[in-house]
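# Results of the structural survey
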Amino acid sequence: MQFVVKCPSCDAGLPVEASDAATAIKCGRCGREIPIEVSEQVRSDTAVDRCPVCGGGDFYIRKDFDPKIGLTVVVIGALVSAVFYWFGLDLIAYGILGGAALIDLVVYGRLKDLTICYRCHAEFRGSYPRTASAFDLHTADVLEQEYERRIGRR
Ligand SMILES: [Zn+2]
Ligand SMILES: [Zn+2]
């Protein structure tokens, strides 16, 4: 699997291939050395059991969704339907608008889930089975603060 480390200093996203990960990576933007410890499960793409960056074992999943793509479909749909609306073809206009929303839904439904570390926000992509639960705001609040105190951000 591949995971993306969020640099604690500058928040840059640093992609790492788990199968040949070293014991530390260097941030390409600010030069900070970030020690990582990839567990056997992560390395072999069987499960996300322990975060290589912060050592935490609490994760959530969300759709691997780029909001920009969804927005583009809706915006283009709205523009095209506005043209039809202008020419008095409002039924077609509504049809196109509905179609754009539908495409959005279909695209969203086919997306794969992404596992994210509550503490350091590392993202994990791979073919491992998703076992984490959905995002919980309270858990995030507690764990994020704990991590930020640890790395000296608060
Ligand atoms: Zn950095
Ligand atoms: Zn983490």
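That block above? That's the structure.
Residues numbered from 1 in each chain as written. Chains lettered and ligands numbered in written order. Predicted model: local features only at pLDDT ≥ 70, side-chain atom pairs only at ≥ 80, totals over all residues. Heavy atoms only, no water.

### Here's the deal with the coordination of the zinc ion (ligand 1)
The coordination sphere of the zinc ion (ligand 1) contains the protein donors Cys7 (SG), Cys10 (SG), Cys27 (SG) and Cys30 (SG), at a distance range of 2.2 to 2.3 Å. If you look at the zinc ion (ligand 1), its four donor atoms make angles of 106 to 113° with each other, and the shape they trace is tetrahedral. Each donor residue of the zinc ion (ligand 1) lies on the same chain, and together they follow the pattern C-x2-C-x16-C-x2-C. On the criterion of sequence distance, the pair formed by cysteine 7 in the loop between strand E1 (2-6) and strand E2 (13-17) and cysteine 27 in the loop between strand E3 (24-26) and strand E4 (33-35) is long-range, its members being 20 residues apart. As far as the burial class goes, cysteine 7 and cysteine 27 line up, both buried. (Donors = N, O, S within 2.8 Å, 3.2 Å for Na, K, Ca; no water. Tetrahedral: all angles 85-135°; square planar, octahedral: opposite > 155°, others 65-115°. Helix = DSSP H or I, 4+ residues; strand = E, 2+ residues; numbered from the N terminus. Buried < 20%, exposed > 50% of the residue type's maximum accessible area, 1.4 Å probe, protein only.)

### Remarks on the nonpolar core
Of all hydrophobic cores here, the largest spans 26 residues; its most connected members are Phe3, Val5, Ile36, Cys51, Val53 and Phe124. Only E1 and E2 provide two or more residues apiece to this core. Once you skip the residues sitting within four places of it in the chain, valine 5 turns out to touch Ala12, Gly13, Leu14, Val16, Ile25, Ile34, Ile36 and Val53. Membership of the second largest hydrophobic core comes to six residues, among which are Leu114, Ile116, Tyr118 and Leu143. (Core = buried A, V, L, I, M, F, W, Y, C linked by side-chain atoms within 4.5 Å. Contact = heavy atoms within 4.5 Å.)

### Some details on the coordination of the zinc ion (ligand 2)
Distances from the zinc ion (ligand 2) to its protein donors, namely Cys51 (SG), Cys54 (SG), Cys117 (SG) and Cys120 (SG), fall within the range 2.2 to 2.3 Å. Geometry at the zinc ion (ligand 2) is tetrahedral, judged from its four donor atoms and the angles of 101 to 117° they form at the metal. Spacing between the donor residues of the zinc ion (ligand 2) along their common chain follows C-x2-C-x62-C-x2-C. Of this pair, cysteine 54 sits in the loop between helix H1 (40-43) and strand E5 (59-63) while cysteine 120 sits in the loop between strand E6 (113-117) and strand E7 (123-125), and the two are 66 residues apart along the sequence. For cysteine 120, a relative accessible area of 5% puts it in the buried group.

### Some remarks on the side chain of arginine 119
Within the fold, arginine 119 resides in the loop between E6 and E7. Of the polar contacts made by the side chain of arginine 119, one reaches the side chain of glutamate 146; its length is 3.0 Å. Setting aside chain neighbours within four positions, we find arginine 119 in contact with Cys54, Gly56, Gly57, Asp58, Leu143, Glu144, Glu146, Tyr147 and Arg150. (Polar contact = N/O pair within 3.5 Å; in protein donor to acceptor, adjacent residues only side chain to side chain.)

### Focus: the sheet that holds E2
Remark on secondary structure: sheet strands pair via backbone hydrogen bonds, oriented parallel or antiparallel. Taken in spatial order, the six strands of this open sheet run E2-E1-E7-E6-E5-E8, and their pairing is mixed. Each having just a single partner strand, E2 and strand E8 (133-134) make up the two edges of the open sheet. Taken together, the five bridges between E5 and E6 define a ladder with antiparallel strand orientation. Looking at E6, one finds that arginine 62 is bridged to leucine 114. (Pairing = 2+ DSSP bridges.)

Function cannot be inferred from these measures alone, as they are strictly geometric.
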